[in-house]
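Architecture and fold: a report
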Amino acid sequence: MNRCFFAVPIRRSALLAGVMLAPISLGILPLAAQTPEESRAFVPGTLANRVDGFVIFNEDDGFLALGYRRALGTKQIFFGPLVLAMARFWGHSVLEPLGPHLYLQETESRFYFAAGGEAGLALGTRMEFSARTGIGYSFGDFAGTAGTPQDGWVPFVGGRASVRLFGHRPRWFLSAGYLWVDLWSDHSNWVDTGIGIAW
Amino acid sequence: MSLQRVGLLLVGAALAACSDVNEDLPYAPANCNPVKPSFGTVIVTVSKSAAHPTIPLTIYRGNYEEGIVVVRDTVDVAQTGFEVPVDKYYAVIARYTVGLDTILVLNGGRLEVNGETYRDATCYGLPTLELDLRLR
């Protein structure tokens with residue numbers, strides 16, 4: 001079959017890179033603007049608990065996601081367990097060959113529940129950089145058929161940058177990151193962005 | 001009064017409060033349809049183009065493997081509706097020919113009746129199920 005389903009223009013890649021770099025560029029100005037009173041009043045470093053609501057997407061697919069992280073260790077350099085839930089309730093089209101010159105385009109919903117760990121560095125109260133990894137179970141459903149898509153255990157690995165939007169306890173963060181996870185979609189590279197609250 | 005009696009009284013009070021919940025609701029609007037509809041519309045969107053001026057469609061009750069065909073038609077517009085009984089699951093297949101290849105686009109969903117509850121009635125709208133059967 002000679003059909004181009006997933007053309008990736010350069011401009012789209014630039015957009016994804018821009019989304020990932022936005023928190024870093026946003027974080028530089030608030031760091032410089034931090035007053036002496038502010039730096040004395042609040043202990044720098046991360047807070048123990050953090051919940052994030054975010055979207056994970058690439059060129060032709062997307063998920064809604066929820067994550068929880070418990071920070072252990074020191075406040076500045078932190079590490080701890082992480083749980084992650086991803087859901088694509090809406091349909092995503094997948095093409096399955098049925099035979100020579102015969103294809104079935106199906107609409108797939110998919111879910112991913114994972115656990116792992118996250119380690120990172122907090123810069124003052126303004127920014128956090130972290131790496132995360134773990135493993136989870138992915139499963140899904142096809143609309144209109146009793147057949148089900150592939151399911152199983154898959155690892156994930158990635159990193160993210162966060163910048164504090166406002167508040168000190170709780171703190172609200174804007175975050176953006178990268179995630180590699182093979183959910184039997186067309187691509188395994190994902191960008192994520194969302195809002196987090198730490199307390 | 002024993003602890004068990006206090007517990008029973010609390011549960012009873014909670015149940016009584018729940019049963020009066022309709023009094024908080026507004027009255028039904030004048031255009032309310034209180035009759036639960038028995039038919040609804042499956043709205044199908046297809047990729048109509050110069051390459052695909054007409055698209056054959058098959059609507060199945062249940063998953064398509066069950067083979068219960070309720071509608072077989074060929075459409076020549078991008079979006080069209082089919083009237084079918086409600087509270088059932090439907091699967092739809094659109095057939096496209098691309099060069100030498102045949103692509104069957106499958107989608108499905110449940111056509112449900114949703115009613116809005118008011119103090120004096122439950123009002124029903126026209127049940128619809130929108131299915132996207134466009135080529136990706």
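Residues numbered from 1 in each chain as written. Chains lettered and ligands numbered in written order. Predicted model: local features only at pLDDT ≥ 70, side-chain atom pairs only at ≥ 80, totals over all residues.

**A word on the overall build of chain B**
When helices and strands are counted, chain B shows 1 helix and 9 strands. Of the contacts made within chain B by residues no fewer than 6 positions apart, 67% connect residues no fewer than 24 positions apart. (Helix = DSSP H or I, 4+ residues; strand = E, 2+ residues; numbered from the N terminus. Contact = placed C-beta atoms within 7 Å.)

**Quick word on the overall build of chain A**
Scanning chain A from terminus to terminus reveals 2 helices and 9 strands. The buried share among the 199 residues of chain A stands at 32%. Taking contacts inside chain A between residues at least 6 apart in sequence as the whole, the part at least 24 apart equals 56%. (Buried ≥ 20, exposed ≤ 12 C-beta atoms within 10 Å, placed from the backbone.)

**Some thoughts on the confidence of the model for chain B**
In the predicted model, chain B carries a mean pLDDT of 88, and 84% of its residues have values of at least 70. Predicted complex, confidence summary: ipTM 0.79, pTM 0.75. (pLDDT = per-residue confidence, 0-100.)

**Some details on the interface of chain A and chain B**
Contact residues are listed per partner, giving 16 residues for chain A and 17 residues for chain B. Elements supplying a minimum of two residues to the side of chain A that touches chain B: β4 (77-99) and β5 (102-123) of chain A. Residue contributions to the side of chain A that touches chain B peak at 6 residues, all from β5 of chain A. Class assignment of the residues belonging to the side of chain A that touches chain B gives a composition of 7 nonpolar, 7 polar and 2 charged. (Nonpolar A, V, L, I, M, F, W, Y, C, P; charged D, E, K, R; others polar.)

**Here we look at the sheet that holds strand β9 (residues 128-133) of chain B**
All names here are of chain B. With mixed pairing, the 3 strands of this open sheet are ordered in space as β4-β1-β9. A strand with exactly one partner marks an edge of an open sheet, and here the two such strands are β4 (79-85) and β9. On average, adjacent strands in this sheet sit at an angle of 25 degrees to one another, irrespective of strand direction. Across 6 bridges, strand β1 (residues 39-46) lies against β9 in parallel orientation. By the bridge assignment, valine 42 is partnered in β9 with leucine 129. (Pairing = 2+ DSSP bridges. Axes fitted to C-alpha atoms, helices over the stretch in contact; angles between N-to-C directions.)

**Things to note about the nonpolar core**
Grouped together as the largest cluster of nonpolar side chains are 22 residues, with contacts concentrated most on Val42, Val44, Tyr90, Val92, Ala94, Val105 and Leu133 of chain B. Looking at this core, the elements with two or more residues in it are β1, β2 (55-61), β5 (88-98), β6 (101-111) and β9 of chain B. When residues no more than four places from it in sequence are discounted, the contact partners of alanine 94 of chain B are Val46, Ile55, Leu57, Val105 and Leu133 of chain B. The next biggest cluster of nonpolar side chains, apart from the first, holds 15 residues, and it includes Phe63, Met86, Ala114 and Leu179 of chain A. (Core = buried A, V, L, I, M, F, W, Y, C linked by C-beta atoms within 7 Å.)

**Considerations on the pairing of strand β3 (residues 69-75) of chain B**
Moving residue by residue along a regular strand, the side chains alternate between the two faces of the sheet. Residue and element names in this part refer to chain B. Judged by how many residues are buried, β3 sits mostly at the surface: 0 of 7 residues are covered. Judged from the 6 bridges that link them, β2 and β3 form a sheet pairing that is antiparallel. Following the sheet pairing, isoleucine 55 is matched in β3 by valine 75.

**Looking at the environment of threonine 145 of chain A**
Looking at where threonine 145 of chain A falls in the secondary structure, it is placed in the loop between β6 (127-142) and β7 (152-166). Separated by 38 residues in sequence, threonine 145 of chain A and threonine 107 of chain A have C-alpha atoms that sit 9.7 Å apart.

**A look at the pairing of β6 of chain B**
Pairing between β5 of chain A and β6 of chain B: 4 bridges, direction parallel. Paired with tyrosine 103 of chain A across the two strands is isoleucine 103 of chain B, which belongs to β6 of chain B. Relative to β6 of chain B, β5 of chain B runs antiparallel, the two sharing 11 bridges. The residue of β6 of chain B that forms the bridge with tyrosine 89 of chain B is arginine 110 of chain B. From the end of β5 of chain B to the start of β6 of chain B, which pair antiparallel, there are 2 residues, and glycine 99 of chain B there has a positive phi angle of about 65 degrees.

**Examining the environment of proline 155 of chain A**
Note on placement: proline 155 of chain A falls in strand β7. A sequence separation of 11 residues divides proline 155 of chain A from glycine 144 of chain A, and the C-alpha atoms of the two residues are 29 Å apart.

**With respect to unusual backbone geometry**
All names here are of chain A. Here the bond from arginine 169 into proline 170 is cis, since omega is 10 degrees, no more than 30 degrees from zero. Note on placement: proline 170 falls in the loop between β7 and β8 (171-181). Positive phi outside glycine occurs at tryptophan 184, with the angle close to 60 degrees. One can find tryptophan 184 in the loop between β8 and β9 (189-198). The class for tryptophan 184 is partly exposed, based on 15 C-beta atoms found within 10 Å.

**A look at the confidence of the model for chain A**
Residue and element names in this part refer to chain A. When pLDDT is averaged along chain A, the result is 83; 78% of the residues meet or exceed 70. Counting contacts from residues 1-12, a segment whose pLDDT is below 50, to residues more than four positions away or on other chains yields 9 contacts. Low pLDDT, under 50, characterises residues 37-41; the predicted model gives this stretch 1 contact beyond four residues in sequence or across chains.

**Side note on the environment of arginine 126 of chain A**
In this structure, arginine 126 of chain A sits in the loop between β5 and β6. Spatially, the C-alpha atom of arginine 126 of chain A lies 9.1 Å from that of phenylalanine 166 of chain A, the residues being 40 residues apart in sequence.

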